[in-house]
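Structural characterization, general
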Amino acid sequence: ILTASYAETLETPQERLVGNLAFIGIDEETGQFVDTRTGGSFNPVPNPFGLDGETTRVKQFNAGLNSVLGRNTFGIGAIVANEKVEVTGEEEDVIQINAAYIRQLSQRLALNIAGFYENTQFDEDDREDDDYFIGGGLSYALLTNLTGTVFYSFRLRESNEAEEDFTENAITVGLVATF
């Protein structure tokens, strides 16, 4: 399935924080999180911009290709976006390439792998960041409407400003109930 979209929005920090959560769905065949707008894998970070205290104008183009082959689901995508803070005029430009793979190991157990590369350019201080993310985990259908998940992720940021560099390792454990 090939998908593409373009949107221009004005966003407050609160809208940005909860906006993506409205589009989480569960695939009835695999029990995996899906984006209800595209039918593809759910991306927990679809908007590449962080939170700030001002209203922002976001212009974002998304494109993706998703396929299901037997017990395997593949997805690749790209984001090209611009964010402008309305009050200050500061801008960020982002290009992201992402990929995801889901393998249904059994009727109840699935393997999830995801990754992305993202380049962000900030106009106010000539800063440029390169972010690398890779993660993998398992989800297990405990009941027909309850799924347990465990996910490990690694994220590395390399910036032309050394104080913006970071490395992050995270383990996330969760339960998802559908009603």
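Two faces belong to every sheet, and in a regular strand the side chains alternate between them. Here strand β1 (residues 2-11) pairs with strand β4 (residues 56-69) via 10 bridges, running antiparallel. Among the inter-strand pairings, A7 is bridged to a residue of β4, identified as Q60. What sits between the antiparallel neighbours β4 and strand β5 (residues 72-85) is a turn of 2 residues, in which G70 has the positive phi angle 65°.

We now examine the side chain of R127. On the secondary structure map, R127 appears in strand β8 (residues 127-143). Given the relative accessible area of 11%, R127 is considered buried. A distance of 2.5 Å separates polar atoms of two side chains, one belonging to R127 and the other to D129. Residues contacting R127, with those up to four places away along its chain left out, are T120, Q121, F122, R157, S159, N160, E161 and E164.

Let us now look at the pattern of salt bridges. Going through the model one piece at a time under the given rule, you end up with 5 salt bridges. With a closest N to O distance of 3.2 Å, D131 and R155 form a salt bridge. Highlighted residues: D131 in strand β8 and R155 in strand β9 (residues 146-159), separated in sequence by 24 residues. Judged by relative accessible area, which is 1%, D131 ranks as buried. The shortest N-O distance in the salt bridge between D131 and R157 comes to 3.1 Å. Residue D131 is located in strand β8, and its partner R157 is located in strand β9; the two are separated by 26 residues in the primary sequence. Judged on exposure class, the residue D131 and its partner R157 are both buried.

With that out of the way, let us pick up the sheet that holds strand β10 (residues 166-177). On the basis of which strands lie adjacent, the open sheet formed by 8 strands has the order β1-β4-β5-β6-β7-β8-β9-β10 and antiparallel pairing. The open sheet terminates on both sides in strands that have one partner only, identified here as β1 and β10. Geometrically, the sheet is characterised by an average inter-axis angle of 15° between neighbouring strands, direction not taken into account. Taken together, the 12 bridges between β9 and β10 define a ladder with antiparallel strand orientation. Each residue of the ladder has a partner; that of F151, found in β10, is T172.

Here we come to the packing of aromatic side chains. Summed over the entire model, instances satisfying the criterion amount to 3 aromatic pairs. Each ring, one from Y117 and one from Y132, has its centre 5.3 Å from the other, and the planes form 45°; the classification is tilted. Taken together, the residues Y117 in strand β7 (residues 109-122) and Y132 in strand β8 connect sequence positions 15 residues apart. The exposure class assigned to Y132 is partly exposed, which follows from its relative accessible area of 34%. The cationic tip of R127 hangs over the ring face of F122; the distance from NZ or CZ to the ring centre is 3.9 Å.

What counts and how
Residues numbered from 1 in each chain as written. Predicted model: local features only at pLDDT ≥ 70, side-chain atom pairs only at ≥ 80, totals over all residues. Heavy atoms only, no water. Pairing = 2+ DSSP bridges. Helix = DSSP H or I, 4+ residues; strand = E, 2+ residues; numbered from the N terminus. Buried < 20%, exposed > 50% of the residue type's maximum accessible area, 1.4 Å probe, protein only. Polar contact = N/O pair within 3.5 Å; in protein donor to acceptor, adjacent residues only side chain to side chain. Contact = heavy atoms within 4.5 Å. Salt bridge = Lys/Arg side-chain N within 4 Å of Asp/Glu carboxyl O. Axes fitted to C-alpha atoms, helices over the stretch in contact; angles between N-to-C directions. Phe/Tyr/Trp six-rings, centres within 6.5 Å; stacked < 30°, edge-to-face > 60°. Lys NZ or Arg CZ within 6 Å of the ring centre and 35° of its normal.

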